[in-house]
Every structure is written in structure tokens, then in C-alpha cells.
Amino acid sequence: VKKLILEYTKISDSPGSGTWTPSGVPAVHYSTEEQVVGTWMNKPLYQRTFTLSSATVDKSNSVSIPNDLENIKRVFLCDSSVYDVTDNRYYPLPYRRKTTSEDLFISLMRLSSETVSIQIVTNQSSSYILQDIAVTIRYTKTTD
């Protein structure tokens, strides 16, 4: 039996007010501010969420998520969700449209030895119109 964990926000919630703790584990608060959420090999493990209100992406046009990440050593987790205007649904990335086998996914490309670019990429020629884009990554830094 597989478990499905659904995480979401409510309009009535204020940032940092969450008290929900699944199975006694401390709640993780998603934030646009960098926060330490654990350790990796005795080094701090950071987490940060980046958002973009809307974008249109097609095969010839990937969309970059603005970020100011620096000193990135290793990325461990990339969580993301988007609202697809065409389907009128929220999706986690990556996802594949079942009827057309079109993929939409997140790519983290290393720009230099310590910076990354966060992009939404697709293999289709028609356009995706996306809203409420959120990408959360966990990473270690070269400075630790």
C-alpha cells in the first residue's frame, strides 16, 4: 500500500503559523527565505522556495525561475507545483499529459561552479500557460 501525502496552503493561513506535525515529526515551513532544515554528512542542509506568478512555456522557450542562489555545492531535492491554465488543474513537476505524452519538468542547470539556474522545460511544440509556479529545493553550500 502506497501512502499519498498532500501538502497545501489555505488562504486563511499566515506564513510560519503551521502546527501540523505528521507522525510526530516537526513541521517543515516552506519559505522564500533560506532556512536550515537538517544536515547532510554533518553539513547544514538548506531549503528555499522560489515562486513565479505566471509563464508560458513551449519546446523552443524554457522559463527561468528568478533566483539568487550562490555557493551551491549539491542539490538534493526539487519539489514543485504549477497550475496549468489549459487543464484547469494543479500538477507537481514533472508531469505528463496522458492523452498527448507531453512532458513538463524542472531542470536545475549549473551555470558556474557555485550557481544554478532553475528552469521549466517541455518537449512539446504547443504552449503551456502556467500560473502559481512554486519550486522548492534543498541543497548544501560550498561555504560550510
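Everything below is about the structure shown above.
Keep in mind that what you see is a predicted model, and the values were worked out from it rather than measured.

Peer 1: Describe in detail the sheet that holds strand β2 (residues 43-57), supporting the description with residues and values.
Peer 2: As summarised here, the arrangement of the 5 strands in space is β1-β2-β9-β4-β5, forming an open sheet in which the pairing is antiparallel. The open sheet has two edge strands with one neighbour each: β1 (35-40) and β5 (89-92). Adjacent strand axes in the sheet meet at a mean angle of 25 degrees, parallel and antiparallel pairs treated alike. As paired strands, strand β4 (residues 72-84) and β5 are joined by 4 bridges and run antiparallel to one another. If you follow Ser81 over to β5, its bridge partner there is Pro92.

Peer 1: Before we move on, could you go through the packing of aromatic side chains and cite the residues and values that matter?
Peer 2: Inspection of the entire model under this criterion finds 3 aromatic pairs. Judged by centre distance (4.5 Å) and plane angle (50 degrees), the ring pair of Trp40 and Phe76 falls under tilted. With Trp40 in strand β1 and Phe76 in strand β4, the pair connects residues that are 36 residues apart, well separated along the chain. Looking at Phe76, the relative accessible area reads 31%, which means it is partly exposed. Measuring from ring centre to ring centre gives 5.0 Å for Tyr83 and Tyr90, while their planes differ by 50 degrees; the resulting arrangement is tilted. A residue is classified by how much of its surface remains accessible, and Tyr90, at 53% relative accessible area, is exposed. In this structure, Lys141 is placed above the aromatic ring of Tyr46, and the distance from its NZ or CZ to the ring centre is 4.9 Å.

Peer 1: Please set out unusual backbone geometry residue by residue, giving values where relevant.
Peer 2: Of note in the backbone geometry, Met41 takes a positive phi value of approximately 50 degrees without being a glycine. Structurally, Met41 can be placed in the loop between β1 and β2. For Asn42, which is not glycine, the phi torsion reads 65 degrees and is therefore positive. With respect to the secondary-structure elements, Asn42 resides in the loop between β1 and β2. According to the relative accessible area criterion, Asn42 is exposed, its value standing at 76%.

What counts and how
Residues numbered from 1 in each chain as written. Predicted model: local features only at pLDDT ≥ 70, side-chain atom pairs only at ≥ 80, totals over all residues. Heavy atoms only, no water. Pairing = 2+ DSSP bridges. Helix = DSSP H or I, 4+ residues; strand = E, 2+ residues; numbered from the N terminus. Axes fitted to C-alpha atoms, helices over the stretch in contact; angles between N-to-C directions. Phe/Tyr/Trp six-rings, centres within 6.5 Å; stacked < 30°, edge-to-face > 60°. Buried < 20%, exposed > 50% of the residue type's maximum accessible area, 1.4 Å probe, protein only. Lys NZ or Arg CZ within 6 Å of the ring centre and 35° of its normal.

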